[in-house]
Amino acid sequence: MTVVAQGLQLGSLHVATPVVLAPMAGITNAAYRRLCAEHGAGLYVCEMITSRGLVEGDETTRRMLVFDEAEQVRSVQLYGTDPTYVGQATKILCEEYGVAHVDLNFGCPVPKVTRKGGGGALPWKRNLLGAILEAAVAAATPYDVPVTIKTRKGIDEDHLTYLDAGRIAQDAGCAAIALHGRTVVQAYSGEADWDAIGELVEHVDIPVLGNGDIWEAADALRMMEHTGAAGVVVGRGCLGRPWLFRDLAAAFEGTGAQATTLPTLGEVAAMMRRHAELLCEHMGEERGCKEFRKHVTWYLKGFRTGGEMRRSLGLVDSLAALDTLLGALDPSEPFPVGELGAPRGRQGSPRNKVVIPEGWLDDTDGLGEGCVRPLEDVDAATGG
């Protein structure tokens, strides 16, 4: 497997390791981004926020825009369905928050987003997509901030959009496009179509990032070799495994596609403690511990810790209590190798249908008189 990584160039922004942490709602907050960055290099993207929420000063949206003091490159993913709001939000991110990279989400499969014509449903409206991208690029250009786009193959196999989206993104001046090799109707089920990623690489001149089914560093190398992608986007594969970015950095440096040693339970416990500590620093101890609880199952997946221990950790309410529980684990227990290469996080089944506005598929415009174009909710933040 011979993949030579030259890093990832997004406009004037150079990312030494061609790896992007996918924004995940409730996961990729400042604490988790810091934790991942402590293990390896890459581009770590903030949780997705809505452009309308940012422009209208929504408090929840603003609270999500928190960055760690060690975060040198601020990257944010925006969601929006209106060119004016997206352009204004992009300017706010560049001007007020010192963001160095803006990614636009056109891949989210969640019904509350697609029913408004957003996320993975929006690229069906080619002209609207172009107008949104042009507005974002125009707003970011004076600040020399690159704009990228993340999308899916399409709504379903009968309504594919990714090749048109790539052309539109390139024409609008986007620095790169990331493709999740699934349709919206698939959500996170089945296998990602890496062939589609390779087809997009051949179709556009801007860098293409591959997303989907990267569970280990070796998967990233295989994807890049298979598709010719310029980099990879990692989402569910790093849940409870921040050290994956260490493995990815080593793989792209040519020192091995697998870490020399897998972490023992003791080493995983130390990472859990560090994660909880960072959450508490940013949110306060009570809220930080509550936020940490959702990660317990992912960290301990495959380990023989027992149901009672997992339940206790899932109710932890202080760092002191966490220390006591972690101290009772067997630090020498080896990593469960059976979990290597296995899917993590949500999978589910394909949806019966995609929830989209009535009449959404009638045209591919989105801008003309009478076109269906609902405005996104202020608080529609989620993942893609």
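Everything below is about the structure printed above this text.
What comes next concerns the included structure. Only a predicted model underlies this, so the values are computations on that prediction, with no experimental measurement involved.

### A short note on the pairing of strand β6 (residues 75-79)
Every other side chain in a regular strand lies on the same face of the sheet, so the side chains alternate between the two faces.
Thinking step 1. A large share of β6 lies buried, amounting to 5 of its 5 residues.
Thinking step 2. Burial of β6 is two-sided: the residues Ser75, Gln77 and Tyr79 facing one way and the residues Val76 and Leu78 facing the other way are all buried.
Thinking step 3. Pairing of strand β5 (residues 49-50) with β6 involves 2 bridges; the strand directions are parallel. In the strand pairing of β6, Thr50 is matched with Tyr79.
Thinking step 4. When β6 meets strand β7 (residues 101-106), the two strands line up parallel, connected through 4 bridges. Considered in β7, the bridge of Gln77 is made with Asp103.
Thinking step 5. Note on the crossover from β6 through helix α4 (residues 83-96) to β7: the handedness is right-handed.

### Considerations on the packing of aromatic side chains
Thinking step 1. For the coordinates displayed, the defined rule picks out 4 aromatic pairs.
Thinking step 2. Ring plane angle 90° and centroid distance 5.7 Å describe the contact between Phe303 and Phe335, whose orientation is recorded as edge-to-face. Residue Phe303 is found in the loop between α13 (296-299) and α14 (307-313), and its partner Phe335 is found in the segment after α15 (319-327); the two are separated by 32 residues along the sequence. When sorted by exposure, Phe303 lands in the same class as Phe335, which is buried.
Thinking step 3. One aromatic cluster is present, built from ring pairs that chain together Trp243, Phe303 and Phe335.
Thinking step 4. Just above the ring of Tyr188 sits the side chain of Arg152; from NZ or CZ to the centre is 5.1 Å.

### Side note on the nonpolar core
Thinking step 1. With 96 residues, the main nonpolar core has Leu93, Leu104, Leu133, Leu248, Phe292 and Leu313 as its most contacted residues.
Thinking step 2. In terms of residues, this core owes the most to one element, helix α11 (residues 265-283), which gives 9 residues.
Thinking step 3. Filtering out sequence-adjacent residues up to four positions away, Leu93 remains in contact with Ile49, Leu54, Leu65, Val76, Leu78, Gly98, Val99 and Val102.
Thinking step 4. Listed in part, the 13 residues of the second largest apolar core include Val15, Ala22, Val45 and Leu209.

### Comments concerning the sheet that holds β6
Thinking step 1. What the 9 strands build is an open sheet, ordered β4-β3-β11-β10-β9-β8-β7-β6-β5; its pairing is parallel. Across the chains shown, the open sheet's two edge strands, defined by having one partner strand only, are β4 (43-44) and β5.
Thinking step 2. Sheet analysis places strand β3 (residues 19-21) next to β4, joined by 2 bridges and oriented parallel. Bridging from a neighbouring strand, Leu21 pairs with Tyr44 of β4.
Thinking step 3. Across the sheet, helix α8 (residues 194-203) touches β9 (176-180) and β10 (208-211), and the angle it forms with β10 is around 175°.
Thinking step 4. Set on the sheet, helix α9 (residues 217-227) makes contact with β10 and β11 (231-234); between it and β11 the angle comes to about 135°.

### Topic: the side chain of Arg241
Thinking step 1. Looking at the element boundaries, Arg241 is found in the loop between β11 and α10 (244-253).
Thinking step 2. Of the polar contacts made by the side chain of Arg241, one reaches the side chain of Glu216; its length is 2.7 Å.
Thinking step 3. Among residues more than four places away in sequence, those in contact with Arg241 are Trp215, Glu216, Leu340 and Arg344.

### Examining α9
The periodicity of an α-helix, 3.6 residues per turn, causes residues three or four positions apart to be oriented the same way.
Thinking step 1. Restricting attention to buried positions, one finds in α9 the residues Ala217, Asp219, Ala220, Leu221, Met223, Met224 and Thr227.
Thinking step 2. Packing partners of the buried residues in α9 comprise α8, β10, β11 and α10.
Thinking step 3. Taken from the residues just after α9, Gly228 is the one with a positive phi, measuring 80°.

### Here we look at α8
Thinking step 1. Looking only at α8, the buried set comprises Trp194, Ala196, Ile197, Gly198, Leu200 and Val201.
Thinking step 2. Buried residues belonging to α8 abut α7 (162-172), β9, β10 and α9.
Thinking step 3. Sitting at the head of α8, Asp193 places a side-chain oxygen 3.1 Å from the backbone nitrogen of Asp195.

### Brief notes about the side chain of Gln77
Thinking step 1. With respect to the element layout, Gln77 can be found in strand β6.
Thinking step 2. Reaching out from Gln77, the side chain makes a polar contact with the side chain of Asp103 at a distance of 2.7 Å.
Thinking step 3. With residues up to four places along the chain from it excluded, the contact list for Gln77 reads Pro23, Val45, Cys46, Glu47, Met48, Ile49, Asp103, Leu104, Asn105 and Lys150.

### Brief notes about the state of the cysteines
Thinking step 1. In the structure shown here, the tally under the stated rule is 0 disulfides.
Thinking step 2. Here Cys94 stays unpaired: no disulfide links it, and the sulfur of Cys174, its closest cysteine neighbor, is 13 Å away.

### Quick word on the packing of α7 against α8
Thinking step 1. Where α7 contacts α8, the two axes come as close as 10 Å, and the packing angle between them is 35°. When you trace α7 past α8, the crossing you get is right-handed. Side by side, α7 and α8 meet where Tyr162, Leu163, Gly166 and Arg167 of the first sit next to Ala196, Glu199, Leu200 and His203 of the second.
Thinking step 2. Per-class residue counts for the contact of α7 with α8 are 4 nonpolar, 2 polar and 2 charged.

Reading the values: the criteria
- Residues numbered from 1 in each chain as written.
- Predicted model: local features only at pLDDT ≥ 70, side-chain atom pairs only at ≥ 80, totals over all residues.
- Heavy atoms only, no water.
- Buried < 20%, exposed > 50% of the residue type's maximum accessible area, 1.4 Å probe, protein only.
- Helix = DSSP H or I, 4+ residues; strand = E, 2+ residues; numbered from the N terminus.
- Pairing = 2+ DSSP bridges.
- Right-handed = clockwise from strand over helix to strand, strands pointing away.
- Phe/Tyr/Trp six-rings, centres within 6.5 Å; stacked < 30°, edge-to-face > 60°.
- Lys NZ or Arg CZ within 6 Å of the ring centre and 35° of its normal.
- Core = buried A, V, L, I, M, F, W, Y, C linked by side-chain atoms within 4.5 Å.
- Contact = heavy atoms within 4.5 Å.
- Axes fitted to C-alpha atoms, helices over the stretch in contact; angles between N-to-C directions.
- Polar contact = N/O pair within 3.5 Å; in protein donor to acceptor, adjacent residues only side chain to side chain.
- Disulfide = S-S within 2.5 Å.
- Left-handed = near helix turned anticlockwise from the far one by under 90°.
- Nonpolar A, V, L, I, M, F, W, Y, C, P; charged D, E, K, R; others polar.

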